[in-house]
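# Fold and contact review
One-letter residues, chain by chain:
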Amino acid sequence: MAGGARSGREGWRYRGNVAARAVIGTVGAYAVAALLATALARTLAMPRVEAVTVATLLGFVVAPAVTIWAFLARGPWRAAAGVLAVALPLAAIVWAAGSPA
Amino acid sequence: MTAVREGARQVMAWLHGWTGLLLGWVLFVMCLAGTLSVFKPEIGRWMRPEATAIADPAQAIAAAGNWLSRNAPDATGWYLAAPDGRMRTVEAAYDTGGAFLYRALDPVTGAPVARETFGGEFFYRLHFELELPFPWGRLLASLAAAVMLIALITGIIAHRRIFRDFFTFRPRKGQRSWLDGHNALGVLALPFHLMITFTGLITLASLSMPWAISAAYGEDVAALYREQVPGIAERAATGTKAPLAPLAPMLNEAQRRVGGAIGRVYVLNPGDKAAVVTAFRADSGQIGYTPAEISFDGATGRVLAEWSETRPAIQTYNVLYGLHIARFAPWLTRWLYFLGGAMLTLAIATGLVLWIVKRRERAPLSLANRILERLNVGVLAGVPLGCVAFLLANRLLPLGVSGRAEAEVSVALWTAAAALAVGAALPPRVAWPLLLGLVAASCAIAPWLVPLGQGDAALRIGNLMLLGFAAAFAALVWQQLRRSSVPVSRRAARAAA
């Protein structure tokens, strides 16, 4: 992206790049945090109020990390792939764990 | 490797600038109001100079309960905060006749104090509700806090020389000076900035990150609340009336059993057979919020539930929460919180100015940036002006006026709105000194408007701080007026040579 910045900040390619990363870094980051929080709340072996608290706090830790990743990755496709690589297993856990009784 | 790191730094600098700009003004309001909220009880005392009576927490709550039994017996709840060494009055939030009221009650008579005001509660609410309806204010505040966290992290990565920035300041060099100032303010208190932003984010977690909660509890929020605060006995009103048993014995029993002074007291369904009185241990004795609570049957005074917090995750959350609201802080720590908050507020303000200065030094400002520049003036000078106007209104509005507390808030908001309009209408080189001059003048006037011979240490220290702010803002104005005259004289000198 830095190279893109030098070769033309106004180009549509550059704008698309930034827009894609912005979406991955906001929607993607929040989705990963929400999935992690949900997965942990359903799987952690502790009283549910404790599990919910741990899960929520870790959600807040993981979200900014994903945002930074979205802008540091080599390209928007890589950024998206990285987010999916974390989000999909989490979604699978959420699905497999199901709703608590 | 170098190329990658160079690129990363540029990307982070870019992201830092844009995230900062996006919600910079909202963050400025939040940080300014939050910084003032560190002294919420003292601001309350400054704004109620007539309330000088002192009573211990249990007595004061009992007095408040007596007055409320007569004046708000139909309430669904009284939410009371007991006086302590910092606050004199009982802060009461309750509903009566469908309206939700907030009043400061005299600790001896239990009646509302004459000078009806929200006091420090105004800044406290502004800090995370931004004068917007629920839940939008809190959601915007959450979003701003998240953006702030990103801006801080990207700011750190964008820095080549984080330690040298500690000691770098090159005054009177335009963009460089603003950058140095911004960096110093941001870096010097960086651990504080990160702590306060992260803990601020998690205070609104149930609203901004509700997914774990809904995964485990579904729609049953009441169940979550019961498990989070097990010492609160919750039960529905029966509809059968029963007088509230005397509060004093319950509160004394509570102080004995929770092992310290009581802070908050909730009375739910007062006057009903199912009334519940819950007393919480004061937040000032430990970092963690809500360390212990006990509930009594309101009609009989019998203990219904009792809890002392020891669960590791909940305690972690409570400590993070407590770190943010800083009620644990002894006086020195409190001043450090204030200083850290002030630095963060100034870091945001200088960052917003820097956005414009940087672009102006490169080329003439685009239309969008000229609009941003004018909005900067309106917000950065107008919000402080609104805050001081709130204090002036507190002194100038007649005591008996109905809706007095709300009128103070209206004065604050309309003043800020007027400042925004002035900032938009006048060129910045005029609007800056004009609005900042008004802030300085208002800060200088406010200390003299209280009847002589009233008040206490909080009033005197508050007045000294206002005079200090007046001097600081006056110095800023002087700087600006001098700077705008310098180029002219230099040009004249060059022409003469």
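Given the structure is predicted, the values throughout are model-derived calculations rather than measurements.

Attention shifts here to the interface of chain B and chain A. Contacts between chain B and chain A engage 37 residues on the former and 32 residues on the latter. On the chain B side of the interface with chain A, the three residues burying the most area are Trp14, Met209 and Ala215 of chain B, jointly 22% of the side's total. The interface formed by chain B and chain A holds one salt bridge in total. Arginine 48 of chain A is paired through a salt bridge with glutamate 227 of chain B; the nearest N and O atoms lie 2.7 Å apart. Between the two partners, chain B and chain A, sit eight residue pairs in polar contact (both at pLDDT 80 or more). Contributions of two or more residues to the side of chain B that touches chain A are made by helix H1 (2–37), helix H5 (136–157), helix H8 (190–203), helix H9 (205–208), helix H10 (211–217), helix H11 (221–228) and helix H13 (312–325) of chain B. It is H1 of chain B that contributes the most residues to the side of chain B that touches chain A, eight residues altogether. Grouping the constituent residues of the side of chain B that touches chain A by class yields 29 nonpolar, six polar and two charged.

On to the sheet that holds strand S3 (residues 99–105) of chain B, then. All names here are of chain B. Strand order across the open sheet formed by seven strands is S3-S2-S1-S4-S5-S6-S7, with antiparallel pairing between neighbours. At either end of the open sheet lies a strand with only one pairing partner, and these are S3 and strand S7 (303–308). The average angle at which neighbouring strand axes cross in this sheet is 15°, direction not considered. The sheet contact formed by strand S1 (residues 77–81) and strand S2 (residues 90–96) spans four bridges and is antiparallel. Note that in S2 the partner of tryptophan 78 across the bridge is tyrosine 94. Across the sheet, helix H3 (residues 57–71) is in contact with S1, S2, S3 and strand S4 (262–268); its angle to S1 comes to roughly 150°.

Residues and elements named next belong to chain B. Enumeration according to the criterion identifies 18 aromatic pairs over all chains in this entry. Summarising the aromatic geometry, the rings of tryptophan 14 and tryptophan 18 are spaced 6.5 Å apart at their centres and angled 45° between planes, so their arrangement reads as tilted. Of the two residues, tryptophan 14 and tryptophan 18 are both situated in helix H1; the distance of four residues between them amounts to about one turn of the helix. Judged by relative accessible area, which is 16%, tryptophan 14 ranks as buried. A residue is classified by how much of its surface remains accessible, and tryptophan 18, at 44% relative accessible area, is partly exposed. Between phenylalanine 123 and phenylalanine 390 the ring centres are 5.4 Å apart and the planes differ by 85°, which places this aromatic pair in the edge-to-face class. With phenylalanine 123 in helix H4 (residues 120–129) and phenylalanine 390 in helix H15 (residues 367–396), the pair connects residues that are 267 residues apart, well separated along the chain.

Residue and element names in this part refer to chain B. For the bond from phenylalanine 134 to proline 135, the omega torsion is -5°, close enough to zero to count as cis. Residue position: proline 135 is located in the loop between H4 and H5. Even without glycine at this site, threonine 290 takes up a positive phi of about 50°. The topology assignment puts threonine 290 in the loop between strand S5 (276–281) and strand S6 (292–297). Residue threonine 290 is classed as buried on the basis of its relative accessible area of 11%. Unlike most non-glycine residues, alanine 326 shows phi in positive territory, near 60°. Among the secondary structure elements, alanine 326 is positioned in the loop between H13 and helix H14 (331–362). Judged by its relative accessible area of 8%, alanine 326 is buried.

The next point concerns the pattern of salt bridges. All names here are of chain B. Scanning the entire structure with this criterion turns up 22 salt bridges over all chains. Glutamate 116 serves as the salt-bridge partner of arginine 103, at 3.6 Å between the closest nitrogen and oxygen. With a gap of 13 residues between them, arginine 103 in strand S3 and glutamate 116 in the loop between S3 and H4 connect regions that are remote in the sequence. Of the two residues examined, arginine 103 and glutamate 116, each falls in the buried class. Sharing partners across several salt bridges, the network here consists of Lys40, Glu91, Glu121, Arg125, Glu129 and Arg138.

Basis of the calculations
Residues numbered from 1 in each chain as written. Chains lettered and ligands numbered in written order. Predicted model: local features only at pLDDT ≥ 70, side-chain atom pairs only at ≥ 80, totals over all residues. Heavy atoms only, no water. Contact = heavy atoms within 4.5 Å. Buried area = accessible area lost by both parts, 1.4 Å probe. Salt bridge = Lys/Arg side-chain N within 4 Å of Asp/Glu carboxyl O. Polar contact = N/O pair within 3.5 Å; in protein donor to acceptor, adjacent residues only side chain to side chain. Helix = DSSP H or I, 4+ residues; strand = E, 2+ residues; numbered from the N terminus. Nonpolar A, V, L, I, M, F, W, Y, C, P; charged D, E, K, R; others polar. Pairing = 2+ DSSP bridges. Axes fitted to C-alpha atoms, helices over the stretch in contact; angles between N-to-C directions. Phe/Tyr/Trp six-rings, centres within 6.5 Å; stacked < 30°, edge-to-face > 60°. Buried < 20%, exposed > 50% of the residue type's maximum accessible area, 1.4 Å probe, protein only.

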